[in-house]
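Listed below are the residues making up each chain.
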There are 2 protein chains.
Amino acid sequence: MTMNLANLTTSEIIEGIYSNNVAIVSKAITLIESTKHEHRLIANDIIAACISRKNDAIRIGITGVPGAGKSTFIEKFGNLLTNLGKKVAVLTVDPSSRRTKGSILGDKTRMQELVKNPNAYIRPSSSGTSLGGVTRKTRESIVILEAAGFDSILIETIGVGQSETAVHDMVDFFLLLKLAGAGDELQGIKRGIIEMADAIAITKADGDNVQRANFAKMEFTRALHMFPPKENGWSPEVLTCSAIENKGLTDIWELIDSYCKNMKAIGYFDSNRQQQNENWLIQYVEQELLSEFYRHPKTKELLPQLKKEVINGKSSPFLAAEKLLKALKPT
Amino acid sequence: MTMNLANLTTSEIIEGIYSNNVAIVSKAITLIESTKHEHRLIANDIIAACISRKNDAIRIGITGVPGAGKSTFIEKFGNLLTNLGKKVAVLTVDPSSRRTKGSILGDKTRMQELVKNPNAYIRPSSSGTSLGGVTRKTRESIVILEAAGFDSILIETIGVGQSETAVHDMVDFFLLLKLAGAGDELQGIKRGIIEMADAIAITKADGDNVQRANFAKMEFTRALHMFPPKENGWSPEVLTCSAIENKGLTDIWELIDSYCKNMKAIGYFDSNRQQQNENWLIQYVEQELLSEFYRHPKTKELLPQLKKEVINGKSSPFLAAEKLLKALKPT
């Protein structure tokens, strides 16, 4: 059956999402990603229809430096979940990504098995230069995917810059992948990310690496013990796994599952989602207001000079700020 | 010699600061803290005169939960510094403080020895309800104190809420005080603070506590080892000390001193200060713009309702945000 996607009405798109029509889900996400005003309006209607649709999905953030084995992990972990009867969607948040400009070949070749899995859907990072823009699109894509019946949303991020924080703020569970060996490869990890993790999985725990992985597990367990507990009372755990040997993945899933059950029981799961929603509202409003300020011709004219004065110690930051604010006031 | 402080001209105040007249320094800080417009204008002139005055001060942030021994530590550490020929100023950032409303008795009785020390100056937290306001006043007070010749600025914060981040952003070195024993008292520490520390000092390492303190030192040293290194290459150290027995304080000072020499040698000390100045400019402008938004009648009218819709899953955060932004646009 061929279908002309271009001619679908908004309610046909919504119906298509509700019935898990993957081609239509993809089209809806494309509309979300579009910068055209008329597409934005349709996208808004679609989101409004999808957001109130009840679902029982969980959102899992997965992060780690390049080389930590993210793609292989997600491929195997995704297949594990579909074997458990779940419908899996994989999103990537990577504002710096160039590979996705016009082509999703990169992501598809990274996860060749999962891409053929009929119960899995892989959507690479939308192109876009601002983290804010990419974040919004990802959050809205989650709404579509959940309305379409995907119940396990895996959101991958590359573990540099601000994107992990953005992903952390949109998921229920945040998993950090680490190679065995606590030394050099810590270089690539952003400070603060360890404290965000709900669990750390030491990857590639196979062959010669097993001992090193177990040692790293012990070291990290001890290190995490030095952190203050999370506000929800959860104590992050450290596990080892091997994606190639399919080891330890079930344990990771069971940990996530028990975390979610726990957090639902104490009401944290829902209150966290509500808090995230409220934060998105506030963040988005603030972002828009500030970007309006930075686009203002007076700002563009004065800010570079004021910055220079402040950096050279010629002006106080506050006096410079007041000068700028005064210049912006309509007279 | 009595002097009528009320009748001083702005240039007399500036001269008084330059000559380390403590009564005038206090008056200048009071002007900074004032909410009256005419005081603000004088304060701005004073800051402009003080900011470009060369000085060689270092700014040390000191944090720890209540009970970690901050007051005793600062008292003894301050005396150590004045014995080394330094001029010490102590500021407190505590926006929640009620003890300072109209009275500084609280701080003065906390540090009875240091308050009598002619080379030390203690100024409690300015009253004020917003962290932003208190932060600004503290930053401007630092400028005054440094122009007055104080070369060791100790900035105490209480280790809860957002104030440690604010203090971290205004100092050269950030010291975390911890009681021995890694267990229960971690409850009070904010997540993320351990990663901000340039050093951790295990306090009250005396009497029965010595063994426990040494064990905590070992545990924290190991834990810090699991963190990625700081961008300046510094590896945070863990030390033990006893303020009562006057032990370990010299080691802490020598560590801070060698840190500063190191960071000056690689150029980080200055570039960090410049970055902090630039951040203050940007943060202050953004804060002002956003508080204008939150004061807007339309915001006050619509935001609570939109938040409710978003929390209940009836509206998407982004659609709600767009509704609000549209309502604010002048038609």
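Residues numbered from 1 in each chain as written. Chains lettered and ligands numbered in written order. Predicted model: local features only at pLDDT ≥ 70, side-chain atom pairs only at ≥ 80, totals over all residues. Heavy atoms only, no water.

1. Here we look at the overall build of chain A
Inference 1: Across its full length, chain A holds 14 helices and seven strands.
Inference 2: Counting all 331 residues of chain A, 53% fall into the buried class.
Inference 3: Taking as baseline every contact in chain A between residues at least 6 positions apart, the subset at least 24 positions apart corresponds to 74%.
Inference 4: For chain A, the computed accessible surface area is about 14900 Å², with 52% contributed by carbon and sulfur atoms. (Helix = DSSP H or I, 4+ residues; strand = E, 2+ residues; numbered from the N terminus. Buried < 20%, exposed > 50% of the residue type's maximum accessible area, 1.4 Å probe, protein only. Contact = heavy atoms within 4.5 Å. Areas by Shrake-Rupley, 256 points an atom, 1.4 Å probe, with all protein chains shown as cover.)

2. Section: the sheet that holds strand E4 (residues 152-157) of chain B
All names here are of chain B.
Inference 1: Pairing is parallel across the open sheet formed by seven strands, whose spatial order is E3-E2-E4-E1-E5-E6-E7. Strands with a single pairing partner mark the edges of an open sheet, and in this sheet they are strand E3 (120-123) and strand E7 (237-240). Within the sheet, the average angular offset between the axes of one strand and its neighbour, ignoring direction, is 20°.
Inference 2: By the bridge criterion, four bridges tie strand E2 (residues 88-93) to E3 in an arrangement that is parallel. Each residue of the ladder has a partner; that of Val 90, found in E3, is Ile 122.
Inference 3: Running at roughly 175° to E7, helix H10 (residues 210-225) makes contact with strand E5 (173-179), strand E6 (199-203) and E7 of the sheet. (Pairing = 2+ DSSP bridges. Axes fitted to C-alpha atoms, helices over the stretch in contact; angles between N-to-C directions.)

3. Here's the deal with the sheet that holds strand E4 (residues 152-157) of chain A
Residue and element names in this part refer to chain A.
Inference 1: One open sheet holds the seven strands; their spatial order is E3-E2-E4-E1-E5-E6-E7, and the pairing between them is parallel. The two strands at the open ends of the sheet, each matched to only one other strand, are strand E3 (120-123) and strand E7 (237-240). Direction aside, neighbouring strands of the sheet carry axes that sit 20° apart on average.

4. Considering the nonpolar core
Inference 1: Judged by nonpolar contacts, the single largest core of 132 residues is most densely connected at Ile 17 of chain A together with Ile 17 and Ile 144 of chain B.
Inference 2: Those residues in contact with Ile 144 of chain B that lie beyond four places of it in its chain are Ile 17, Val 25, Ala 28, Ile 29, Ile 32, Ile 46, Ile 47 and Cys 50 of chain B. (Core = buried A, V, L, I, M, F, W, Y, C linked by side-chain atoms within 4.5 Å.)

5. Let's talk about the packing of aromatic side chains
Residue and element names in this part refer to chain B.
Inference 1: Using the criterion set out here, one finds 14 aromatic pairs over all chains in the structure.
Inference 2: Relative to Phe 77, the ring of Phe 73 lies with its centre 5.1 Å away and its plane at 15°, an arrangement referred to as stacked. Here the residue Phe 73 and the residue Phe 77 both occupy positions in helix H4 (residues 70-83), the gap between them amounting to four residues, near one helical turn. Of the two residues, Phe 73 and Phe 77, neither departs from the other in class, the shared state being buried.
Inference 3: Look at Tyr 121 and Phe 150: their rings are 5.8 Å apart centre to centre, the planes differ by 40°, and that puts the pair in the tilted class. Separated by 29 residues along the polypeptide, Tyr 121 in strand E3 and Phe 150 in the loop between helix H7 (131-147) and E4 bring together distant segments of the chain.
Inference 4: The exposure class assigned to Tyr 121 is buried, which follows from its relative accessible area of 5%. (Phe/Tyr/Trp six-rings, centres within 6.5 Å; stacked < 30°, edge-to-face > 60°.)

6. A short note on the interface of chain A and chain B
Inference 1: Opposite the 60 residues of chain A that make contact, chain B presents 60 residues.
Inference 2: In total, about 5800 Å² of surface goes out of reach between chain A and chain B, with carbon and sulfur atoms giving 69% of it.
Inference 3: Where Glu 292 of chain B meets Lys 329 of chain A, a salt bridge forms, and the shortest distance between an N and an O atom there is 3.4 Å.
Inference 4: For the pair chain A and chain B, the number of links is 12 residue pairs in polar contact (both at pLDDT 80 or more).
Inference 5: Elements with a contribution of two residues or more to the side of chain A that touches chain B: helix H3 (37-51), helix H7 (131-147), helix H9 (193-196), helix H10 (210-225), helix H12 (268-295), helix H13 (297-311) and helix H14 (317-328) of chain A.
Inference 6: Per-element tally for the side of chain A that touches chain B: the top contributor is H12 of chain A, with 15 residues. (Buried area = accessible area lost by both parts, 1.4 Å probe. Salt bridge = Lys/Arg side-chain N within 4 Å of Asp/Glu carboxyl O. Polar contact = N/O pair within 3.5 Å; in protein donor to acceptor, adjacent residues only side chain to side chain.)

7. Points about the packing of H13 of chain A against helix H12 (residues 268-295) of chain B
Inference 1: Two elements in contact, H13 of chain A and H12 of chain B, have axes separated by 8 Å at closest approach and are oriented at 135°. Classed by the angle they form, the pair H13 of chain A and H12 of chain B counts as oblique. Between H13 of chain A and H12 of chain B lies a crossing of right-handed hand. Between H13 of chain A and H12 of chain B, the contacting residues are Leu 303, Leu 306, Lys 307, Val 310 and Ile 311 of chain A on the first element and Gln 274, Asn 277, Glu 278, Leu 281 and Ile 282 of chain B on the second.
Inference 2: Across the contact of H13 of chain A with H12 of chain B, the residue classes break down as six nonpolar, two polar and two charged. (Parallel < 35°, antiparallel > 145°, perpendicular 65-115°, else oblique. Left-handed = near helix turned anticlockwise from the far one by under 90°. Nonpolar A, V, L, I, M, F, W, Y, C, P; charged D, E, K, R; others polar.)

8. Here's the deal with the relation of the copies chain A and chain B
Inference 1: When chain A is fitted onto chain B, the two copies agree to an RMSD of 0.0 Å after a turn of 180° and an axial shift of 0.0 Å. The superposition operator between the copies reduces to a two-fold rotation axis. Relative to the rotation axis, the closest C-alpha in chain A is found at Ala 223 of chain A, a distance of 2.2 Å.
Inference 2: Taken together, the interface assignments show that 100% of the residues at the interface of chain A recur at the interface of chain B, consistent with an identical surface on both copies. (Least-squares fit on C-alpha atoms with pLDDT ≥ 70 in both.)

9. Details of the pattern of salt bridges
Inference 1: This model, assessed by the stated rule, comprises 32 salt bridges over all chains.
Inference 2: Two residues, Glu 140 of chain B and Arg 136 of chain B, come together in a salt bridge whose shortest N-O distance is 3.2 Å. Of this pair, Glu 140 of chain B and Arg 136 of chain B both sit in helix H7, four residues apart, which is roughly one turn of the helix.
Inference 3: For Arg 136 of chain B, a relative accessible area of 9% translates into the label buried.
Inference 4: Several salt bridges share partner residues, and in doing so they unite Arg 40, Arg 136 and Glu 140 of chain A together with Glu 322 of chain B into one network.

10. Section: unusual backbone geometry
Residues and elements named next belong to chain A.
Inference 1: Its identity is not glycine, yet Asn 20 carries a phi of approximately 55°, on the positive side.
Inference 2: Structurally, Asn 20 can be placed in the loop between helix H1 (10-18) and helix H2 (22-33).
Inference 3: Even without glycine at this site, Asn 246 takes up a positive phi of about 55°.
Inference 4: Relative to the helices and strands, Asn 246 is located in the loop between E7 and helix H11 (249-265).

11. Focus: helix H13 (residues 297-311) of chain B
Inference 1: Helix length check: H13 of chain B (15 residues) gives 22 Å between terminal C-alpha atoms against 21 Å at 1.5 Å per residue, within 8%.
Inference 2: Of all the bends in H13 of chain B, the greatest reaches close to 35° and is centred on Leu 303 of chain B; the proline Pro 304 of chain B follows between one and four positions later.
Inference 3: Here H13 of chain B has its buried residues at Thr 299, Leu 303, Leu 306 and Val 310 of chain B.
Inference 4: On the buried face of H13 of chain B, the contacting elements are H12 of chain A together with H12 and helix H14 (317-328) of chain B. (Expected span 1.5 Å × (residues − 1). Bend = angle between axes of the 7 residues up to and from the residue.)

12. What about the packing of helix H1 (residues 10-18) of chain B against helix H3 (residues 37-51) of chain B?
Residues and elements named next belong to chain B.
Inference 1: H3 packs onto H1 with a crossing angle of 40° between their chain directions and a minimal axis gap of 10 Å. The angle between the axes of H1 and H3 places the two elements in the oblique class. Both H1 and H3 take part in a crossing whose hand is right-handed. Contacts between H1 and H3 involve Thr 10, Ile 13, Ile 14, Ile 17 and Tyr 18 from the former and Ile 42, Asp 45, Ile 46, Ala 49 and Cys 50 from the latter.
Inference 2: Taken together, the residues of the contact of H1 with H3 break down into eight nonpolar, one polar and one charged.

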